[in-house]
Amino acid sequence: MRNERSPIRALIFDVDGTLAETEAHGHRIAFNRAFAVWKLPVVWGVREYGELLDVTGGKERIRSYWHSHPELRALNDDEIAALHQLKTQFFLELLNQGKIPLRPGVELLLRDARDRGVRLGIATTTTRANIIALFTATMGTDALNWFEAIVAGDEVARKKPAPDVYQKVLHLLGLDPVQCVAVEDSEPGFRAAQAAGIPTLVAINQYTYHGSYPRAVCVIDGFQSTNIVQGLNLQPIPQLQVEHIEQWYAQAVHS
Ligand code: XBP
Ligand code: MG
């Protein structure tokens, strides 16, 4: 345990696309499996799914897609909820089969935060069941106890890019926005954290590299062998640590 206290009181992590590449390796496949079981003439390809991610929330994504495809058999809200529940079952199966690992470097960053006395939170659009299953399948269920505040999408009134999940995590942690750093992967998530007033680090991925992240604490391409995409032009970083985020945080908060 290092002695000096970090100026960052808490890191608040997004889940999908940030902690793990769940969209590419999980959700899209699970949606398609559910569509097939219901014999719906819908298959979401990799590129098309990337565009559909502009709508956050699985149920909302289904509803939005059906709205823009009137040729499809209409689905009422109960049917959408049942279809999404089936999709979640398939997603949980993929997690339990070990098909969706954490992004490289995530576990080491979480351990470094704990060693530095930086508190941890989760603010996500997905379901609590998916969060529990992700950690059970990767770091083990005990790792969930590392997070003092976990808020899932269906537990607040409005999903990202609304700030609701982040505001609830801040309330549970009893911290002010500027005492924290949010770690996101996408524009809706970045906008949600920014709307909550939280300095935000963005770790882009194959679905979100094209996004716009003005005034991000920093934009990076991952947590291991990290390249800076937007921000301080440091040399590539072998493993992202809290001290790197502190450096960017100081620049962002005091500039
Ligand atoms: C991203 C989302 C989620 C997932 C699908 O969540 O928008 O809806 O795409 O999960 P995050 P569900 O905020 O963690 O990036 O089907 O459970 O909604
Ligand atoms: Mg995300």
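To keep things clear, this report deals only with the structure shown in the data block.

How each quantity is defined
- Residues numbered from 1 in each chain as written.
- Chains lettered and ligands numbered in written order.
- Predicted model: local features only at pLDDT ≥ 70, side-chain atom pairs only at ≥ 80, totals over all residues.
- Heavy atoms only, no water.
- Helix = DSSP H or I, 4+ residues; strand = E, 2+ residues; numbered from the N terminus.
- Rg over C-alpha atoms; globule rule 2.2 N^0.38 Å.
- Buried < 20%, exposed > 50% of the residue type's maximum accessible area, 1.4 Å probe, protein only.
- Near = heavy atom within 4 Å.
- Areas by Shrake-Rupley, 256 points an atom, 1.4 Å probe, with all protein chains shown as cover.
- Nonpolar A, V, L, I, M, F, W, Y, C, P; charged D, E, K, R; others polar.
- Pairing = 2+ DSSP bridges.
- Core = buried A, V, L, I, M, F, W, Y, C linked by side-chain atoms within 4.5 Å.
- Contact = heavy atoms within 4.5 Å.
- Phe/Tyr/Trp six-rings, centres within 6.5 Å; stacked < 30°, edge-to-face > 60°.
- Lys NZ or Arg CZ within 6 Å of the ring centre and 35° of its normal.
- Salt bridge = Lys/Arg side-chain N within 4 Å of Asp/Glu carboxyl O.
- Donors = N, O, S within 2.8 Å, 3.2 Å for Na, K, Ca; no water.
- Axes fitted to C-alpha atoms, helices over the stretch in contact; angles between N-to-C directions.
- Parallel < 35°, antiparallel > 145°, perpendicular 65-115°, else oblique.
- Right-handed = clockwise from strand over helix to strand, strands pointing away.

**Structural notes on the overall build of the protein chain**
Regarding its fold elements, the protein chain presents nine helices and nine strands. Its C-alpha atoms give the protein chain a radius of gyration of 18 Å, near enough to 18 Å, the size a compact globule of 255 residues would have. Oriented by its inertia axes, the alpha-carbon framework of the protein chain measures out at about 60 × 35 × 35 Å. The buried share among the 255 residues of the protein chain stands at 55%.

**Quick look at the site of ligand 1**
Near ligand 1 lie 18 residues; those nearest to it are E23, H84, K87, T124 and T126. About the coverage of ligand 1: the protein hides 96% of its 450 Å² of free accessible area. Sorting the residues of the shell around ligand 1 by element identifies α1 (22–37), α3 (58–67) and α4 (77–96) as the ones contributing at least two each. Considering only residue class, the shell around ligand 1 consists of two nonpolar, ten polar and six charged.

**Quick look at the pairing of strand β2 (residues 119–123)**
Residues in a regular strand point their side chains to alternate faces of the sheet. With four of five residues buried, β2 lies mostly within the body of the structure. By the bridge criterion, four bridges tie strand β1 (residues 10–13) to β2 in an arrangement that is parallel. Pairing of L11 across the sheet is with L120, part of β2. As judged from the four bridges shared by β2 and strand β3 (residues 147–151), these two strands associate in the parallel manner.

**Points about the nonpolar core**
Within the largest apolar cluster, 65 residues are counted, with the highest numbers of intra-cluster contacts made by L11, F135 and W248. For this core, the element with the highest residue contribution is α4, accounting for seven residues. Residue contacts for F135: discarding those within four places in its chain leaves L19, L110, I122, G140, T141, A143, L144 and F147.

**Details of the packing of aromatic side chains**
Applying the stated rule across the entire model yields eleven aromatic pairs. Taken together, a centroid distance of 5.5 Å and an interplanar angle of 85° make the contact between F190 and Y213 edge-to-face. Residue F190 is found in helix α8 (residues 187–195), and its partner Y213 is found in the loop between β5 (200–203) and β6 (218–220); the two are separated by 23 residues along the sequence. Its relative accessible area of 3% is what places F190 among the buried residues. It is K87 that lies over the ring of F31; its NZ or CZ is 4.6 Å from the centre.

**Section: the pattern of salt bridges**
For the structure shown, the criterion picks out 14 salt bridges. A salt bridge links D14 to K160, with the nearest nitrogen and oxygen atoms 2.9 Å apart. Linking D14 in the loop between β1 and α1 with K160 in the loop between β3 and α7 (164–173), this pair joins segments that are 146 residues apart in sequence. Here D14 matches K160 in class, with each residue buried. A salt bridge links K160 to E184; the nearest nitrogen and oxygen atoms lie 2.7 Å apart. Placement of K160 in the loop between β3 and α7 and of E184 in strand β4 (residues 180–184) is noted, with a sequence separation of 24 residues between them. For the pair shown, K160 and E184 are each scored as buried. Among the ionic contacts, a cluster of salt bridges with common partners joins K59, E60, D154 and K159.

**Overview of the coordination of the magnesium ion (ligand 2)**
Taken together, the protein donors to the magnesium ion (ligand 2) comprise D14 (OD), D16 (O) and D185 (OD), at separations of 2.1 to 2.2 Å. Within one chain, the residues donating to the magnesium ion (ligand 2) are spaced in sequence as D-x1-D-x168-D. Taken as a pair, D16 in the loop between β1 and α1 and D185 in the loop between β4 and α8 lie far apart in primary sequence, 169 residues in all. You can call D185 buried: its relative accessible area is 5%.

**Concerning the packing of helix α5 (residues 106–115) against helix α9 (residues 242–254)**
Where α5 contacts α9, the two axes come as close as 9 Å, and the packing angle between them is 75°. By the angle between their axes, α5 is roughly perpendicular relative to α9. On α9, the residues that touch L109, D112 and A113 of α5 are V242, E243 and I245. Residues that form the contact of α5 with α9 fall into these classes: four nonpolar, no polar and two charged.

**Regarding the pairing of β5**
Of the two faces of β5, the one holding T200 and V202 and the one holding L201 and A203 are both buried throughout. One ladder, built from three bridges, connects β4 with β5; its direction is parallel. Across the sheet, residue V183 finds its bridge partner in β5, namely L201. Handedness of the crossover joining β4 and β5 through α8 is recorded here as right-handed. Bridge count for β5 against β6 is three bridges, and the pairing is parallel. Residue pairing across strands places A203 opposite I220, the latter belonging to β6.

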